[in-house]
Amino acid sequence: MRKRRALSVVLVLYLGLGTAHAAPRARPHATSQPVADTKGQVAKTMEVAQKVYLQGTAHYKAGRLLEALAAFRASYDMVASPNSHIMIARTLRDKGDIAQAYAEYDRVVVEADQAVERDSKYQATADAARAERGKLREKLTMVIVRVRNPPDDLHVVVGDKPIERADWGKPVPVLAGPLVALGVAGGRPDQRQEVSGFPNDELVVSFDYSAPPPPPVAATPAAKTADDELKPTRFPAGDSVPDIPRQPARPEPPPTDRTWAYVSLGAGGAGLLTFFTFGALNQSTYTDLQSACPNMRCTHGQQDEIDRGRRYQVIANVGLGVAVVGASVGAILLTGGGESTPSAVDSARQPRGLVVTDVAVGPGSLQVRGAF
């Protein structure tokens, strides 16, 4: 509530000052009275400006920077004093607006130097403004914008600070660090630069708009595809060539059933496993009989073991036959079963392959019959 009341007092006093300034102009026919009124009004204005300045000082010491800034600016608008002006710069500095505070200190230095010629008491203000401005300079980069053949509607922004056209070619303070310099103009591509601003340094950013704006891009016809070439050609109405209908697409062949091929390959694998298993058993039996029968002469009691070895041999041979047949049939089904039925011309041109016609398995033998 106290903050709002203080601001209200500042605004009321400021508006009252504007009304007081208008009063002498309402009586232009008076001769001596306006002079006295003007002197009194100046004294009144200085008194009000001093009170508002003191209110701003109280806000500043209490850390109420927004209220302090409003009071100092109101006091400065009443009486352009370097003392209220330097307080504006200090408040901006404490708020974190370093670049804006530096620019304000620049104006304070010029203003205070001019005031010293009338009153030496402002020398301290000028010296303080220079010292405080020097400390801020260590955190800032001075950016100089140079533009060649700028368009009338060109806008330049460096970091978050718009650079006015009147400030091009002059050092403008910006906060040091990574910066993006952007030039935007109607009908021209944006010119964007990523630069680094070092503290207490100077940076030159250049834009060049010498090249004419690019012409409008004409729409290019789409490239023809294979489907477009198959579409019927449209001839003028006077020609007698009819439209050629497009040939319908060939339907996709149904997916090939590979079930029997996998069954055959599985049977072949089982036969191969049987061959290796019983072949190993037969070999083991043969080794045992060889050690038990000297000179390959066995007794009558070893006949069962001899018969078992023969059975192992027969089963191993059968497994081998099944493996060969299963692998052959599975390979034929896999390689030939997925193809579409060839035409008569293609069948005549293609050489005939091997066709398995019969398989016979006997004791100790495997017979496979086929034709080309």
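A few points about unusual backbone geometry
Then, number 1: The backbone of Asn-149 shows a phi angle near 50 degrees, a positive value even though the residue is not glycine.
Then, number 2: If you trace the backbone, Asn-149 turns up in the loop between β1 (140-148) and β2 (155-158).
Then, number 3: With a relative accessible area of 48%, Asn-149 lands in the partly exposed category.
Then, number 4: The phi dihedral of Asn-200 falls on the positive side, at around 55 degrees, and the residue is not glycine.
Then, number 5: Within the secondary structure layout, Asn-200 lies in the loop between β6 (191-197) and β7 (201-208).
Then, number 6: Asn-200 gets classed as partly exposed once you look at its relative accessible area, which sits at 46%.

A closer look at the side chain of Ser-75
Then, number 1: With respect to the helices and strands, the residue Ser-75 is situated in helix α3 (residues 65-78).
Then, number 2: Within the local environment of Ser-75, its side chain forms a polar contact with the backbone oxygen of Ala-49, the two atoms lying 2.9 Å apart.
Then, number 3: Beyond its immediate chain neighbours, meaning those up to four positions away, Ser-75 contacts Ala-49, Val-52, Tyr-53 and Ser-84.

Some words on the sheet that holds strand β4 (residues 172-175)
Then, number 1: In space, the three strands of this open sheet follow the order β4-β1-β7, with mixed pairing throughout. Taken across any chain shown, the strands that pair with only one partner, and hence form the sheet edges, are β4 and β7. Strand-to-strand twist across the sheet, computed as the mean angle between neighbouring axes with direction ignored, equals 40 degrees.
Then, number 2: Strand direction decides the pairing type here: β1 and β7, joined by eight bridges, are parallel. Paired with Arg-148 across the strands is Asp-208, a residue of β7.

Rules and cut-offs
Residues numbered from 1 in each chain as written. Predicted model: local features only at pLDDT ≥ 70, side-chain atom pairs only at ≥ 80, totals over all residues. Heavy atoms only, no water. Helix = DSSP H or I, 4+ residues; strand = E, 2+ residues; numbered from the N terminus. Buried < 20%, exposed > 50% of the residue type's maximum accessible area, 1.4 Å probe, protein only. Polar contact = N/O pair within 3.5 Å; in protein donor to acceptor, adjacent residues only side chain to side chain. Contact = heavy atoms within 4.5 Å. Pairing = 2+ DSSP bridges. Axes fitted to C-alpha atoms, helices over the stretch in contact; angles between N-to-C directions.

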